[in-house]
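The lines below spell out each chain.
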Amino acid sequence: MSVYRRAVRPALFRLDPERAHEGAVWTAERIAAVARAAPWVPAAPSDLAREVMGLRFPNPLGLAAGFDKSARAVAAWGALGFGFAEVGSVTARPQPGNDRPRVFRLPEDRALINRLGFNNDGAAAVAERLAAARRRRRRIPIGVNIGKSKVVPVEEAPDDYAACLDRLWPYADYVVVNVSSPNTPGLRDLQATRALGEILRRLLDLDAAKARTASGGPRPMLVKLAPDLPDEQVDEVVDLALDIGLDGLVVSNTTLAREGLSSPHADQPGGLSGLPLATRSSELVARVRDRAGERLAIIGVGGIFDASDVREKLAAGASLVQLYTALIYEGPGLVRSILSDLTAAEEDAQES
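Residues numbered from 1 in each chain as written. Predicted model: local features only at pLDDT ≥ 70, side-chain atom pairs only at ≥ 80, totals over all residues. Heavy atoms only, no water.

K.L.:
Would you explain helix H9 (residues 307-316) in this entry?
P.N.:
For an α-helix, 3.6 residues make a turn, and residues three or four places apart therefore share a direction. Among all positions in H9, only Ala 307, Asp 309, Val 310, Lys 313 and Ala 316 are buried. Tucked inside the fold, the buried residues of H9 contact strand S3 (61-63), helix H8 (278-292), strand S12 (297-301), strand S13 (320-323) and helix H11 (333-351). (Buried < 20%, exposed > 50% of the residue type's maximum accessible area, 1.4 Å probe, protein only. Helix = DSSP H or I, 4+ residues; strand = E, 2+ residues; numbered from the N terminus. Contact = heavy atoms within 4.5 Å.)

Structure below.
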């Protein structure tokens with residue numbers, strides 16, 4: 001058993017989940033400070049490196065959105081071994097999120113339930129932090145996940161998303177449009193193709209306009225899907241993405257489903273993440289890949305706890321994968337452990 005599971009996790013699990021998370025981000029900030037001060041060393045070549053959406057990823061394992069909502073510890077994630085990280089969800093203006101308590105551990109199910117509600121420092125503050133991180137010579141790709149401000153009516157969502165992207169665009173390597181969190185009232189209604197199309201076309205037009213006057217070209221743009229969408233609606237979103245020239249999909253967000261859970265907190269409202277999401281997430285990845293072929297990048301997320309889970313997502317059709325909940329249960333050493341197992345498997349495959 002790792003030191004984390006034997007000594008650190010029991011201490012953390014005696015704390016309120018959100019307080020423990022805030023402590024983890026604070027620790028990551030300290031790691032980021034060390035990483036920023038460290039001398040630059042070229043990254044070693046890796047059999048795990050890949051190019052997706054025109055970006056080079058040193059490995060396919062990324063940190064999912066939600067852990068570092070306000071980009072406080074960007075430099076830490078590469079230092080821990082991640083091949084990329086996604087910050088946010090970020091909204092155009094700062095917002096506190098929903099009332100506490102709003103995060104619940106389900107250890108019996110290796111899962112979490114959250115109803116945070118896009119708590120973040122807002123686009124201006126996040127932009128400042130990303131600008132500082134972007135000046136580093138050695139860094140991993142950073143995605144920016146953007147969401148709708150809670151106080152903004154649904155009918156004004158295109159303007160709100162555009163205001164957020166306008167501020168963050170220079171500092172994003174790719175952009176994820178979050179219309180699938182269950183914790184902002186009315187947000188999931190924006191997954192309907194007419195509403196979603198209006199938002200995405202507005203953002204793609206803004207992206208194109210900015211790319212004409214700035215370096216780096218257009219930013220790859222993706223949408224994050226809810227696992228609770230009916231398969232027919234998933235197909236509609238895929239077709240929309242192909243029709244308007246989207247770059248990819250993130251599959252998937254947290255779920256409202258509660259089947260098969262044994263934790264006392266299972267009936268808490270909010271989005272469920274972790275191991276119970278693994279099967280549905282992989283099924284959706286396979287469905288999207290089957291419908292889109294190679295025309296869309298897919299970031300697979302949901303229930304990844306070890307290298308076999310990564311391989312399952314990649315075999316289903318994911319281009320890249322992300323994790324979050326597993327860090328809570330297995331600790332930061334999990335990242336290097338997964339990469340070591342993946343590298344060993346690659347070497348074995350090459351030798352055979």
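K.L.:
In this structure, what is going on with the sheet that holds S3? I would like to understand it.
P.N.:
Strand pairs in the sheet, formed through backbone hydrogen bonds, run parallel or antiparallel to each other. Spatially, eight strands are ordered S3-S4-S7-S8-S9-S10-S12-S13 in a closed barrel, and the strand pairing comes out parallel. Between one strand and the next, the sheet's axes are offset by a mean angle of 25°, whatever the strand orientation. Two strands pair when backbone bridges link them, and strand S7 (residues 142-146) and strand S8 (residues 174-178) are joined in this way by four bridges, in the parallel orientation. Counted as the bridge partner of Asn 145 is Val 176 from S8. (Pairing = 2+ DSSP bridges. Axes fitted to C-alpha atoms, helices over the stretch in contact; angles between N-to-C directions.)

K.L.:
Teacher, can you tell me more about the pattern of salt bridges here?
P.N.:
Pairing between side chains becomes possible if they bear opposite charge and their charged atoms approach one another. Evaluation of the coordinates by the stated rule reveals 18 salt bridges. Among the salt bridges present, the one from Arg 188 reaches Asp 228, with a minimum N-O distance of 2.7 Å. Note that Arg 188 is positioned in the loop between S8 and helix H6 (193-213) and Asp 228 in the loop between strand S9 (221-225) and helix H7 (231-244), a separation of 40 residues in sequence. Its relative accessible area of 18% is what places Arg 188 among the buried residues. (Salt bridge = Lys/Arg side-chain N within 4 Å of Asp/Glu carboxyl O.)

K.L.:
I'm lost on the packing of aromatic side chains in this one. Help?
P.N.:
By convention here, two paired aromatic rings are described through the distance between centres and the angle between planes. Across all of its chains, the model carries six aromatic pairs by this definition. With centroids separated by 5.7 Å and ring planes inclined at 80°, the aromatic side chains of Phe 13 and Tyr 329 adopt a geometry described as edge-to-face. Of this pair, Phe 13 sits in the loop between helix H1 (3-12) and helix H2 (17-37) while Tyr 329 sits in helix H10 (residues 325-330); the two residues are 316 residues apart in sequence, bridging distant segments of the chain. Residue class for Phe 13 comes out partly exposed when judged on its relative accessible area of 25%. Using a relative accessible area of 3% as the deciding quantity, one classes Tyr 329 as buried. Taken together, the aromatic side chains of Phe 13, Phe 305 and Tyr 329 make up a single cluster linked through ring pairs. A cation sits over an aromatic face here: Arg 9 above Phe 13, 5.9 Å from the ring centre. Over the ring of Trp 26 we find Arg 30; its NZ or CZ atom is 4.6 Å from the centre of that ring. (Phe/Tyr/Trp six-rings, centres within 6.5 Å; stacked < 30°, edge-to-face > 60°. Lys NZ or Arg CZ within 6 Å of the ring centre and 35° of its normal.)

K.L.:
I would appreciate a short explanation of the sheet that holds strand S5 (residues 103-106) in the present structure.
P.N.:
Sheet architecture is open: three strands sit in the order S5-S6-S11, paired in antiparallel fashion. A single partner strand is all that each edge strand has here, and the edge strands are S5 and strand S11 (271-274). The average angle at which neighbouring strand axes cross in this sheet is 20°, direction not considered. In this structure, S5 lies alongside strand S6 (residues 111-114), joined through four bridges in antiparallel fashion. What sits directly across from Val 103, in S6, is Asn 114.

K.L.:
Looking at this model, I keep getting lost on the side chain of Lys 210. Mind explaining?
P.N.:
Here Lys 210 lies in helix H6. Owing to a relative accessible area of 19%, Lys 210 belongs among the buried residues under this scheme. Ignoring sequence-local partners within four residues, the contact set of Lys 210 consists of Asp 166 and Trp 169.

K.L.:
Sorry, what's going on with a negative patch on the surface here?
P.N.:
Among the surface-exposed residues, Asp 47, Glu 346, Glu 347, Asp 348 and Glu 351 lie close enough to one another that they form a single negatively charged patch. Relative to the assigned elements, Glu 351 resides in helix H11. Residue Glu 351 is classed as exposed on the basis of its relative accessible area of 68%. (Patch = residues over 30% accessible without salt bridge, like charges linked within 9 Å, V, L, I, M, F, W, Y side chains within 5 Å. Areas by Shrake-Rupley, 256 points an atom, 1.4 Å probe, with all protein chains shown as cover. Lys, Arg positive; Asp, Glu negative; His and termini not counted. Charge placed at Lys NZ, Arg CZ, Asp CG, Glu CD.)

K.L.:
How should the nonpolar core be read in this particular structure?
P.N.:
If you look at soluble globular proteins, the nonpolar side chains tend to sit buried side by side. In terms of nonpolar packing, the biggest core is built from 87 residues, with Trp 77, Phe 82, Tyr 161, Leu 168 and Leu 249 touching the most fellow members. Here this core gets seven residues from one element, more than from any other, and that element is H6. Leaving out residues up to four positions away in the same chain, Tyr 161 has contacts with Ile 146, Gly 147, Lys 148, Val 177, Asn 178, Val 179, Leu 187, Leu 190, Ile 199 and Leu 203. If you look at the next biggest cluster of nonpolar residues, it comprises 14 residues, including Phe 57, Tyr 174, Leu 222 and Val 250. (Core = buried A, V, L, I, M, F, W, Y, C linked by side-chain atoms within 4.5 Å.)

K.L.:
What's the story with the environment of Glu 155 in this structure? I'm lost.
P.N.:
Relative to the assigned elements, Glu 155 resides in the loop between S7 and helix H5 (157-168). Judged by its relative accessible area of 63%, Glu 155 falls in the exposed class. Residues Glu 155 and Ser 181, spaced 26 residues apart in sequence, show a C-alpha to C-alpha distance of 17 Å.

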